[in-house]
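# An overview of the molecular structure
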Amino acid sequence: MGDGQPRPDLIIFDCDGVLVDSELLSCRCLSEMLAEYNIALSLEQALELFLGRSTKAIEQHFRDLGRIVPDGFLPRLKSRVLSTFAASLEPIPGIAGVMSGLSVPFCVASSSDLDRVAFSLEVTGLRAHFGERLYTAQMVRHGKPAPDLFLLAAEKMGVRPARTLVIEDSVSGVQAGKAAGMTVWGFVGGSHYRGRDGEAILSSAGADRVFARMSDFWEA
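Remember, it's a predicted structure, so these values are computed and weren't measured experimentally.

## Let's talk about the packing of aromatic side chains
This model, assessed by the stated rule, comprises 10 aromatic pairs. Between F13 and F106, the ring centres sit 6.0 Å apart and the planes meet at 85 degrees, which makes this aromatic pair edge-to-face. On the criterion of sequence distance, the pair formed by F13 in strand β1 (residues 10-13) and F106 in strand β2 (residues 106-110) is long-range, its members being 93 residues apart. Classification of F13 as buried rests on a relative accessible area of 0%. On the basis of relative accessibility, which here comes to 8%, the residue F106 falls in the buried class. Taken together through their ring pairs, the aromatic side chains of F13, F106, F130, W185, F187, F211, F217 and W218 make up a single cluster. Sitting above the plane of the W185 ring, R209 keeps its charged end 4.6 Å from the centroid. One cation-aromatic arrangement involves R209 over F211; the distance from NZ or CZ to the ring centre is 4.5 Å.

Structure, rendered in structure tokens:
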């Protein structure tokens with residue numbers, strides 16, 4: 001799907017870190033809220049552990065450590081994240097232009113809750129590009145890095161996995177796309193990759209290509 005390969009029949013975009021520059025904001029909220037409960041988790045650790053993962057992964061992580069996420073924590077976290085997004089969330093530069101120029105169908109497949117995805121797209125002016133083509137981890141039994149969500153999205157869109165291109169910014173997302181039998185491009189243009197070697201991180205996870213600017217979307 002570059003260098004002479006045919007264009008895909010479907011493009012699946014992750015939301016956080018691909019369409020909207022949200023990962024740093026949401027991981028900062030997580031780190032700050034855990035500190036209020038006397039649980040130490042740095043911003044860097046939050047990015048390392050939970051980038052591209054659902055809130056179920058947060059619960060499971062602490063359960064594995066023998067700790068229970070306190071009652072009310074996840075609703076409070078969600079509320080803080082949404083209020084932070086309302087004040088500060090920006091679209092990834094150039095993404096609106098990419099979508100306006102696409103001649104193939106596209107959709108969203110995200111680990112975030114459906115209402116958070118819709119809100120994120122709304123506040124950044126991207127919602128109209130997608131209609132109802134929003135698929136989230138709530139709709140499947142196993143979230144990323146399992147392939148279930150991407151397979152569901154391709155099925156709903158009526159396209160074979162082998163003809164599908166996934167755009168992802170996280171290791172778990174890249175792994176999910178490859179497990180689904182799809183071509184995966186890693187995107188490292190989000191603010192959470194400043195000072196980190198995103199190309200090495202996502203290439204090691206199995207990405208077929210890694211790029212950092214939406215203006216280079218179709219560049220080989």
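## Quick word on the packing of helix α1 (residues 23-36) against helix α4 (residues 73-88)
The geometry of α1 relative to α4 is characterised by a closest axis approach of 9 Å and an angle of 140 degrees between their N-to-C directions. Between α1 and α4, the crossing angle belongs to the class labelled oblique. As for how α1 packs across α4, the hand of that crossing is right-handed. From α1, L25, S26, C29, L30, E32, M33, L34 and E36 reach across to α4, where they touch F73, R76, L77, R80, V81, T84, F85 and S88. A breakdown of the residues in the contact of α1 with α4 according to their chemical character gives nine nonpolar, three polar and four charged.

## Focus on the packing of α1 against helix α2 (residues 43-50)
As a packed pair, α1 and α2 sit with axes 9 Å apart at the nearest point and diverge in direction by 115 degrees. Classified by the angle their axes make, α1 and α2 are roughly perpendicular. As α1 packs across α2, the resulting crossing turns out to be right-handed. Contacts between α1 and α2 involve E23, L24, C27, R28, L30 and S31 from the former and L43, A46, L47 and F50 from the latter. Of the residues contributing to the contact of α1 with α2, the split by class is seven nonpolar, one polar and two charged.

## Notes on the environment of A162
Structurally, A162 can be placed in the loop between α7 (148-157) and β4 (164-168). The class of A162 is partly exposed, set by a relative accessible area of 44%.

## A word on the nonpolar core
Counting 72 residues, the largest nonpolar core has F13, L19, I167 and F217 as the members making the most contacts within it. Tallying contributions element by element places α1 first for this core, with seven residues. Filtering out sequence-adjacent residues up to four positions away, L19 remains in contact with F13, D14, P91, I92, I95, M99, V108, L121, L126 and F130.

## Topic: the sheet that holds β4
The six strands are arranged β3-β2-β1-β4-β5-β6 in an open sheet whose pairing can be described as parallel. Two strands close off the open sheet at either side, each with one partner strand: β3 (134-136) and β6 (209-211). Here the strands of the sheet are splayed against their neighbours by 25 degrees on average, with no regard to which way each runs. As paired strands, β2 and β3 are joined by three bridges and run parallel to one another. Bridge pairing in β3 links V108 to L134. Its contacts with the sheet put helix α6 (residues 114-123) on β2 and β3, and the angle it makes with β3 is roughly 140 degrees. Sitting on the sheet, α7 touches β1, β2, β3 and β4, and the angle it makes with β2 is about 155 degrees.

## What about the environment of M182?
On the secondary structure map, M182 appears in the loop between α8 (171-179) and β5 (183-187). Note on M182: relative accessible area 2%, which makes it buried. C-alpha separation for the pair M182 and A154, spaced 28 residues apart in sequence, amounts to 9.8 Å. Apart from residues lying up to four places away in sequence, M182 is in contact with I12, F150, L151, A154, P161, T164, V166, G177 and D208.

Parameters and conventions
Counting starts from 1 at the beginning of each chain's written sequence and moves along it residue by residue. This being a predicted model, a pLDDT of at least 70 is required before a residue's local features are given, and a value of 80 or more before pairs of side-chain atoms are given or counted; all residues contribute to the totals for chains, interfaces and linings. Processing note: side-chain calculations cover all non-hydrogen atoms of the structure and skip hydrogens and water entirely. Side-chain rings of Phe, Tyr and Trp (the six-membered ring for Trp) are treated as a pair once their centres are within 6.5 Å; stacked means planes under 30 degrees apart, edge-to-face means over 60, and tilted covers the remaining angles. Every helix listed is a DSSP run of H or I at least four residues long, and every strand listed is a run of E at least two residues long, numbered separately from the N terminus. Type-normalised accessible area, obtained with a 1.4 Å probe on protein chains alone, sets the label of each residue: buried when under 20%, exposed when over 50%, and partly exposed for intermediate values. Charge-over-ring contacts are defined here by two conditions on Lys NZ or Arg CZ: a distance within 6 Å of the ring centre and an angle within 35 degrees of the ring normal. Lines fitted to C-alpha atoms define the axes here, with helix axes fitted over just the stretch in contact, and angles between the N-to-C directions of these axes take values from 0 to 180 degrees. Orientation is classified from the angle alone, with under 35 degrees giving roughly parallel, over 145 giving roughly antiparallel, 65 to 115 giving roughly perpendicular, and any other angle giving oblique. Crossing handedness follows the turn of the near helix against the far one: under a right angle anticlockwise gives a left-handed crossing, and clockwise gives a right-handed one. Residues are treated as being in contact if the distance between any of their heavy atoms lies within 4.5 Å. Amino acids are sorted into nonpolar (Ala, Val, Leu, Ile, Met, Phe, Trp, Tyr, Cys and Pro), charged (Asp, Glu, Lys and Arg) and polar (every other residue, Gly among them). To define a nonpolar core, start from buried Ala, Val, Leu, Ile, Met, Phe, Trp, Tyr and Cys residues and group those joined through side-chain atoms within 4.5 Å. Two strands are said to pair when DSSP picks up at least two bridges between them.

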